[in-house]
Amino acid sequence: MPSIDGVLLHMSSPIPGASESLRFLQDNHIPFILLTNGGGKLESERVAELSAKLNVQLTVDNFVQSHTPFRQLVSPDSPDSLADKTVLVTGANSSKCRTIAETYGFRNVVTPTDILVAHRDVWPFEPLLDSVHMKEDARPLPKPIFTPGKRLEDCLKIDAMFVFNDPRDWAVDIQLITDLLMSQEGYIGTFSPRNGNDSLPGSGWQGHGQPELYFSNADLFWSTGFHQPRFGQGAFQAAVAGVWTRITGGHELRRKVMGKPYEETYRFAERVLNSYRNELLRNGTGHVTAPPLRSVYMVGDNPESDIAGANDYNSEAGTDWRSVLVRTGVWTPERGGEEALQGRFKPKMVVNDVREAVRWALQKEGWKGVF
Ligand code: G3P
Ligand code: MG
């Protein structure tokens with residue numbers, strides 16, 4: 001189960017051995033899924049790109065990206081479904097994030113660009129229009145934001161906020177996210193009278209029906225084509241949390257974070273892997289001949305997300321997750337070194353690259369073939 005960035009690709013360049021490793025697994029019916037903290041595109045779009053870059057036929061059935069589990073939040077079976085709630089989504093291209101959210105089943109999606117275009121004064125400086133906030137992608141707001149004199153019921157109420165992938169306009173996004181965290185019940189433009197009231201729990205902050213804030217990954221760094229790791233969505237999250245602590249005089253930002261290393265994402269990925277494996281190993285008569293999944297090899301480049309996540313995960317099916325760290329990504333002996341691999345960050349094995357990771361796994365599983 002490989003991470004993508006730093007294991008298979010550096011941006012769009014395949015890492016040596018990546019294509020042949022995936023093709024070997026595929027040719028030998030060894031099930032695998034790609035489990036990435038990346039996002040910002042529809043699964044189908046990303047899978048088509050990866051198949052072309054890695055020259056191997058991938059499908060959405062063996063692919064989980066950071067925000068794929070958001071789909072569960074609009075499941076018709078969920079009693080707290082957000083399908084009909086109004087949500088704010090942002091990311092590198094908030095219009096694309098809206099398309100993804102609507103494909104998942106969110107029916108009332110607002111973006112920062114919609115708000116900026118409708119209320120230009122919500123941000124006093126020249127916003128990154130045309131490069132980030134594409135005016136032509138903006139939609140009219142379902143209701144205007146609150147301004148003094150308006151009745152709340154006539155104003156826009158946001159019920160949840162989602163960061164799908166790494167935003168580009170951190171300033172506007174942090175402004176709007178914190179506006180909502182300070183608001184009364186998610187009405188942008190209001191300021192809850194409970195904020196800073198020390199007689200209330202948490203001094204009243206985030207205590208007046210403000211919308212939940214969901215991040216899809218916590219990676220402080222990720223591995224790109226540059227020789228040093230670059231900021232990931234976790235850096236944006238730290239910026240939001242830092243501004244929030246400054247606003248509240250020291251209170252922690254309450255938020256929900258998904259993606260690796262969190263158990264929710266590993267549980268979701270294990271289910272995807274099992275259903276993909278069952279399909280792959282179904283025999284001609286339609287019966288699944290394979291025994292239950294015994295071990296999973298999590299091949300990652302980031303000790304904080306890939307290694308810790310696999311080490312921490314207690315499989316509901318009793319599957320043994322084995323973490324394997326490669327030297328081609330975020331972690332290197334020079335940057336992180338052995339000190340970074342203690343405790344929950346300690347991999348079962350450290351190898352040079354994904355090809356060696358596959359070789360080690362095959363050997364552990366007593367594979368007789370040659371790779
Ligand atoms: O934004 C992508 C980055 O956070 C890491 O992705 O594939 O290495 O889990 P991946
Ligand atoms: Mg990675």
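Preceding this paragraph is the structure being described.
Residues numbered from 1 in each chain as written. Chains lettered and ligands numbered in written order. Predicted model: local features only at pLDDT ≥ 70, side-chain atom pairs only at ≥ 80, totals over all residues. Heavy atoms only, no water.

## A few points about the side chain of Ser-203
1) Next: Looking at where Ser-203 falls in the secondary structure, it is placed in the loop between helix H5 (170-182) and strand E8 (212-215).
2) Next: Setting aside its immediate chain neighbours within four residues, Ser-203 contacts Arg-194, Asn-195, Gly-196, Asn-197, Asp-198 and His-251. (Helix = DSSP H or I, 4+ residues; strand = E, 2+ residues; numbered from the N terminus. Contact = heavy atoms within 4.5 Å.)

## Looking at the coordination of the magnesium ion (ligand 2)
1) Next: Bound to the magnesium ion (ligand 2) on the protein side are Ser-3 (OG), Asp-5 (O) and Asp-301 (OD), at distances that span 2.0 to 2.1 Å.
2) Next: On the primary sequence, the residues serving as donors to the magnesium ion (ligand 2) are separated as S-x1-D-x295-D. Highlighted residues: Ser-3 in the segment before strand E1 (9-10) and Asp-301 in the loop between strand E12 (295-300) and helix H8 (303-312), separated in sequence by 298 residues.
3) Next: The exposure class of Asp-301 is buried, given its relative accessible area of 3%. (Donors = N, O, S within 2.8 Å, 3.2 Å for Na, K, Ca; no water. Buried < 20%, exposed > 50% of the residue type's maximum accessible area, 1.4 Å probe, protein only.)

## Comments concerning the environment of Asn-62
1) Next: Mapped onto the elements, Asn-62 comes out in the loop between helix H2 (43-54) and strand E4 (63-64).
2) Next: Given the relative accessible area of 2%, Asn-62 is considered buried.
3) Next: Between the alpha carbons of Asn-62 and Ala-235 there is a distance of 28 Å; along the sequence they are 173 residues apart.
4) Next: The contacts of Asn-62, once residues within four sequence positions are left out, are Phe-32, Ile-33, Leu-34 and Tyr-276.

## Remarks on the pairing of E8
1) Next: By the bridge criterion, four bridges tie strand E7 (residues 160-163) to E8 in an arrangement that is parallel. Note on E8: the bridge partner recorded for Val-163 is Phe-215.
2) Next: Viewed along the sheet, the connection from E7 through H5 into E8 turns out right-handed.
3) Next: Two strands pair when backbone bridges link them, and E8 and strand E11 (residues 256-257) are joined in this way by two bridges, in the parallel orientation. (Pairing = 2+ DSSP bridges. Right-handed = clockwise from strand over helix to strand, strands pointing away.)

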